[in-house]
Amino acid sequence: MVGRRFFQKGHASVSTSSSVAGAAPRRLALVLAGVAASGIALFLLTSHYGRTTSLTDTSLDAMASASAAPNPASSAAAMVMNAMLPAMNDGALSSGLVHRSMSSEALEQSLPLLGQAEARLIRIYQLISQAERHEALEEAESLVKDYPNFHLANLVLGDLLSVYTRPIRQIGDVPDTKAIAATKQLEVLREQSRRRLLALTERPPENSVPSQFLALSTQSRHAIAVDASRSRLYLFENSQGDGKTKASRMKLVGDYYISVGQSGVEKVSEGDLRTPVGVYYITSSLDAAKLPDLYGSGALPINYPNPLDLQRGKTGSGIWLHGSPSEQFARPPQASEGCVVLSNQDLDTLLSKVEIRTTPVVIAPELNWVKPEDLATERQQFEQTLEAWRSLKSQGKLDELKALYSPSFDNQGQKLADWWPRVEGEVRALRSKEVELKDLSVLNWRDKDDTMVVTFGEVPAGKARGVTKRQYWIREGKQWKIFNEGTV
């Protein structure tokens, strides 16, 4: 079945000729090196971390002054890099992230979380900002040698070679024909570099988690959260929280650059070129040997469309987390037909750690970071409703139990009237024995609706084992109701 699926119409990650992927790596590297004088540092100066600005005469004068300094190449490079990283006060953003400078201490804390190649690229940026041009050039040459298909690294190397040989006096100080030849490539690499650097200067606070993770059982040894606005995938290790009475104890162990759909996120229909948002689980792991080169070192499919997506009439399939084709180290921020795409190096890390069926994947337009203890009240309030469900089922109070199910209940076409005889059968089989809920995970998804994705082991008293269930709850007015449930 795998051999047929990834060629299906509208699969979520078909490459496009309009992206950087269309150029052969060696040819593209030469083009990018040719436009180096208007390379990464210069055009990032105009982006100013995403805030619309323009270069003033003062800025140009400062660059010209730097070029006239005793060591113009080194000074100009540092001037441009430091201008690209404006001074900012440490403090929290509305998303819960905090501003941090690119100091050596801050970088040492963050770099171990990054992929090896990205960490090396960031170190080069740091050397440039410190006017250490010789060291930066050596590091860039080494990075390109190790990863010749890393287009952004090729561009940075071209910048360094250009700045090293002559001072930079103005933006776009190259022949027009060369700049025009790589306009599209420069645009996507500019945005990729901006997002990579933002990930270093706007960081999750220590021991914080995305707000969707109310509780995570230790049966989920890892969890994934994707922030589409920042092109980042965060990998968490979960080893302490019991998911029942305590907040999740999740440790951030990986922070990787990713790309999403060409049209962004919030997938609605087949072929809309968007990445879905919501709470998902990894369903399988696909062997790279059985996949085309487009998918790189492998793929991790997720369960899109999930029950909430189906309730909303969303269509499409084949949404995977997967690697990059051999001609690219990484793809532009928006380049797939809906998949989440990593470098092969970073995907290999996921493949070595995550497990199918138990690894949740939250994909959000923007993540909101909080301290786990800040979720305690919300978690406890919902657990009261879940406890009421458990108690009513244990006591066999079917009428009251049914009141906790939504009239819009749907399980693969089975409405509540079709599903209810199954619930009645489960209650009769219990014979008024207590039901225990073990290994509880609760993930919240809130947009126009407030929903909970709840996974637990349902174990009758006196039994050592039971079945693993997953329920989807939605807040209807002031009450929580189940609109989908089944076994995992």
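Above this text sits the structure in question.
These numbers come from a predicted model, not from an experiment.

Draft legend 1. Up close: the overall build of the protein. Regarding its fold elements, the protein presents 16 helices and 22 strands. In the protein, 68% of the contacts between residues at least 6 apart in sequence involve partners at least 24 apart. Carbon and sulfur atoms make up 49% of the accessible area of the protein, which totals about 21000 Å².

Draft legend 2. Highlighting the environment of glutamate 366. Note on placement: glutamate 366 falls in the loop between β15 (360–364) and β16 (369–370). Distance from glutamate 366 to alanine 228, taken between C-alpha atoms, is 6.2 Å for residues 138 residues apart in sequence. Look past the residues within four positions of glutamate 366 in its chain and what remains in contact with it is Ser95, Asp227, Ser229 and Arg230.

Draft legend 3. Geometry of the packing of aromatic side chains. A complete count under the given rule lists 14 aromatic pairs for this structure. Seen in terms of ring centroids, phenylalanine 213 and phenylalanine 236 are 6.2 Å apart; in terms of plane orientation they differ by 55°. Their pairing is tilted. Within this pair, whereas phenylalanine 213 is found in strand β4 (residues 213–215), its partner phenylalanine 236 is found in strand β6 (residues 232–238), the two being separated by 23 residues in sequence. The exposure class assigned to phenylalanine 213 is buried, which follows from its relative accessible area of 1%. Site record: aromatic cluster; members linked through ring pairs are Phe213, Tyr234, Phe236 and Trp369.

Draft legend 4. A look at the nonpolar core. In this structure, Ile224, Leu233, Leu321 and Leu350 are the most contacted members of the largest nonpolar core, which totals 50 residues. Excluding its chain neighbours within four sequence positions, the residues that come into contact with leucine 233 are Ile224, Ala225, Val226, Gly254, Asp255, Tyr256, Ile258, Leu321, Val340, Leu342 and Leu350. In terms of nonpolar packing, the next biggest core, distinct from the first, is built from 32 residues, Met102, Leu107, Tyr125 and Val144 among them.

Draft legend 5. A look at the environment of tryptophan 389. The residue tryptophan 389 is located in helix α14 (residues 376–395) in this model. For tryptophan 389, a relative accessible area of 0% puts it in the buried group. With 11 residues separating them in the primary sequence, tryptophan 389 and glutamate 400 have C-alpha atoms 8.9 Å apart. The contacts of tryptophan 389, once residues within four sequence positions are left out, are Leu401, Leu404, Tyr405, Leu437, Phe456, Glu458, Gln471, Trp473, Ile482 and Glu485. At 3.1 Å, the side chain of tryptophan 389 and the side chain of tyrosine 405 are in polar contact.

Draft legend 6. Fine view of the pairing of strand β20 (residues 450–460). Counting buried residues along β20, 10 of its 11 residues qualify, which places the element largely inside the surrounding structure. Pairing of strand β19 (residues 435–446) with β20 involves 10 bridges; the strand directions are antiparallel. Looking at the pairing, serine 441 lines up with threonine 455 of β20. Counting the residues between successive antiparallel strands, the hairpin from β19 to β20 contains three residues.

Draft legend 7. How the structure looks around the sheet that holds strand β12 (residues 320–322). The four strands are arranged β10-β11-β12-β14 in an open sheet whose pairing can be described as mixed. Both outer strands of the open sheet, β10 (286–287) and β14 (340–341), are each paired with one neighbouring strand and no more. The pairing of β10 with strand β11 (residues 298–301) spans two bridges and is antiparallel. Note that in β11 the partner of aspartate 287 across the bridge is glycine 298.

Draft legend 8. Broad picture of the sheet that holds β6. Strand order in the open sheet formed by five strands is β7-β6-β5-β15-β9, with mixed pairing between adjacent strands. Two strands lie at the open edges of the sheet, namely β7 (250–257) and β9 (278–281), each paired on one side alone. Direction aside, neighbouring strands of the sheet carry axes that sit 20° apart on average. Pairing of β9 with β15, which is carried by four bridges, proceeds in the antiparallel orientation. Paired with valine 279 across the strands is valine 362, a residue of β15. Across the sheet, helix α13 (residues 344–353) touches β5 (222–227), β6 and β7, and the angle it forms with β7 is around 150°.

Draft legend 9. Summary view of the packing of helix α7 (residues 116–129) against helix α8 (residues 133–146). Contact geometry of α7 with α8 gives a least axis separation of 9 Å together with a crossing angle of 160°. The orientation of α7 with respect to α8, classified from their angle, is roughly antiparallel. Viewed along their axes, α7 and α8 form a crossing whose handedness is left-handed. Counting all contacts with α7, which are made through Ala117, Arg120, Leu121, Ile124, Leu127 and Ile128, the residues of α8 involved are Glu135, Ala136, Glu139, Ala140, Ser142, Leu143 and Asp146. For the contact of α7 with α8, the class distribution of residues is eight nonpolar, one polar and four charged.

Draft legend 10. Inspection of the pairing of β15 at higher detail. Within β15, five of the five residues are buried, leaving the element largely enclosed by the surrounding structure. In this sheet, β15 lies alongside β5 in parallel orientation, the contact comprising four bridges. Bridge pairing links alanine 225 to valine 362 in β15.

Draft legend 11. Local environment of unusual backbone geometry. The step from tyrosine 304 to proline 305 runs through a cis peptide bond, and the omega angle for that step is -5°. By secondary structure assignment, the location of proline 305 is in the loop between β11 and α12 (307–311). A positive phi is found at asparagine 207, a non-glycine position, where the angle reads about 65°. As for its position among the elements, asparagine 207 is in the loop between β2 (202–203) and β3 (209–210).

Draft legend 12. Inspection of the packing of α7 against helix α11 (residues 183–201) at higher detail. Where α7 contacts α11, the two axes come as close as 11 Å, and the packing angle between them is 85°. Taken together, the axes of α7 and α11 are roughly perpendicular relative to one another. In contact with Glu118, Leu121, Ile122 and Tyr125 of α7, α11 contributes Ser193, Arg196, Leu197 and Leu200. Per-class residue counts for the contact of α7 with α11 are five nonpolar, one polar and two charged.

Draft legend 13. Representation of α7 in the model. In this model α7 runs 20 Å from its N-terminal to its C-terminal C-alpha over 14 residues, within 8% of the 20 Å that 1.5 Å per residue would give. The buried fraction of α7 is high, at 12 of 14 residues. Along α7, the residues that are buried comprise Ala117, Glu118, Ala119, Arg120, Leu121, Ile122, Ile124, Tyr125, Gln126, Leu127, Ile128 and Ser129. Once α7 finishes, alanine 131 follows within two positions and takes phi at roughly 65°, a positive value.

Rules behind the numbers
- Residues numbered from 1 in each chain as written.
- Predicted model: local features only at pLDDT ≥ 70, side-chain atom pairs only at ≥ 80, totals over all residues.
- Heavy atoms only, no water.
- Helix = DSSP H or I, 4+ residues; strand = E, 2+ residues; numbered from the N terminus.
- Contact = heavy atoms within 4.5 Å.
- Areas by Shrake-Rupley, 256 points an atom, 1.4 Å probe, with all protein chains shown as cover.
- Phe/Tyr/Trp six-rings, centres within 6.5 Å; stacked < 30°, edge-to-face > 60°.
- Buried < 20%, exposed > 50% of the residue type's maximum accessible area, 1.4 Å probe, protein only.
- Core = buried A, V, L, I, M, F, W, Y, C linked by side-chain atoms within 4.5 Å.
- Polar contact = N/O pair within 3.5 Å; in protein donor to acceptor, adjacent residues only side chain to side chain.
- Pairing = 2+ DSSP bridges.
- Axes fitted to C-alpha atoms, helices over the stretch in contact; angles between N-to-C directions.
- Parallel < 35°, antiparallel > 145°, perpendicular 65-115°, else oblique.
- Left-handed = near helix turned anticlockwise from the far one by under 90°.
- Nonpolar A, V, L, I, M, F, W, Y, C, P; charged D, E, K, R; others polar.
- Expected span 1.5 Å × (residues − 1).

Everything listed here is a matter of geometry and, on its own, says nothing about what the molecule does.
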